Amino acid sequence: MNDFMQRITLEPGKRGGRPSIRGMRITVYDVLGWLASGMSEDDILADYPELEREDIRASLAFAATRESRMTRAAA
């Protein structure tokens, strides 16, 4: 599961330091927003050919891990 961190990068000067996909200007939150709006993985990959299916899944894994950490911290 932690393999996703090889695809997620944090760079302070890029996109406000938000977690990005492999150093690109596409953030985890962009991907999550597209999925939330109803886009399928195939739709996203067609619109953003620089992305790979594993990038989308890494975004989901990153969000799940972050949510899990926040839930534990609040308990």
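All of the points below concern the structure found in this document. These numbers were taken from a predicted model, which means no experiment stands behind them.

Notes on the overall build of the chain
Turning to step 1, where the next piece is worked out: Across its full length, the chain carries three helices and two strands.
Turning to step 2, where the next piece is worked out: The order of α-helices and β-strands along the chain, N terminus first, is β-β-α-α-α.
Turning to step 3, where the next piece is worked out: Sequence-distant contacts in the chain: of pairs separated by 6 or more residues, those separated by 24 or more amount to 40%.

Quick word on helix α1 (residues 28-36)
Turning to step 1, where the next piece is worked out: Of all the residues in α1, the buried ones are V28, V31 and W34. Buried positions in α1, seen along its axis, are confined to an arc of 130° and lie on one side of it.
Turning to step 2, where the next piece is worked out: One or two residues past the end of α1 sits G38, with phi positive at roughly 105°.

A word on the environment of F62
Turning to step 1, where the next piece is worked out: By secondary structure assignment, the location of F62 is in helix α3 (residues 53-74).
Turning to step 2, where the next piece is worked out: The exposure class of F62 is buried, given its relative accessible area of 11%.
Turning to step 3, where the next piece is worked out: The contacts of F62, once residues within four sequence positions are left out, are F4, M5, I8, P19, V28 and Y29.

Regarding the side chain of T27
Turning to step 1, where the next piece is worked out: Inspection of the secondary structure puts T27 in the loop between β2 (19-21) and α1.
Turning to step 2, where the next piece is worked out: In contact with T27, other than residues within four places in its own chain, are R15, R18, P19, S20 and I21.

Quick notes on the nonpolar core
Turning to step 1, where the next piece is worked out: By size, the foremost hydrophobic cluster in this structure holds 16 residues, and its most contacted members are I8, I21, V31, W34 and L51.
Turning to step 2, where the next piece is worked out: Secondary structure elements with two or more residues in this core: α1, α2 (41-47) and α3.
Turning to step 3, where the next piece is worked out: The contacts of I21, once residues within four sequence positions are left out, are R7, I8, T9, I26, T27, V28, V31, L51, D55 and S59.

Rules of the game
- Residues numbered from 1 in each chain as written.
- Predicted model: local features only at pLDDT ≥ 70, side-chain atom pairs only at ≥ 80, totals over all residues.
- Heavy atoms only, no water.
- Helix = DSSP H or I, 4+ residues; strand = E, 2+ residues; numbered from the N terminus.
- Contact = heavy atoms within 4.5 Å.
- Buried < 20%, exposed > 50% of the residue type's maximum accessible area, 1.4 Å probe, protein only.
- Arc of directions from axis to C-beta.
- Core = buried A, V, L, I, M, F, W, Y, C linked by side-chain atoms within 4.5 Å.

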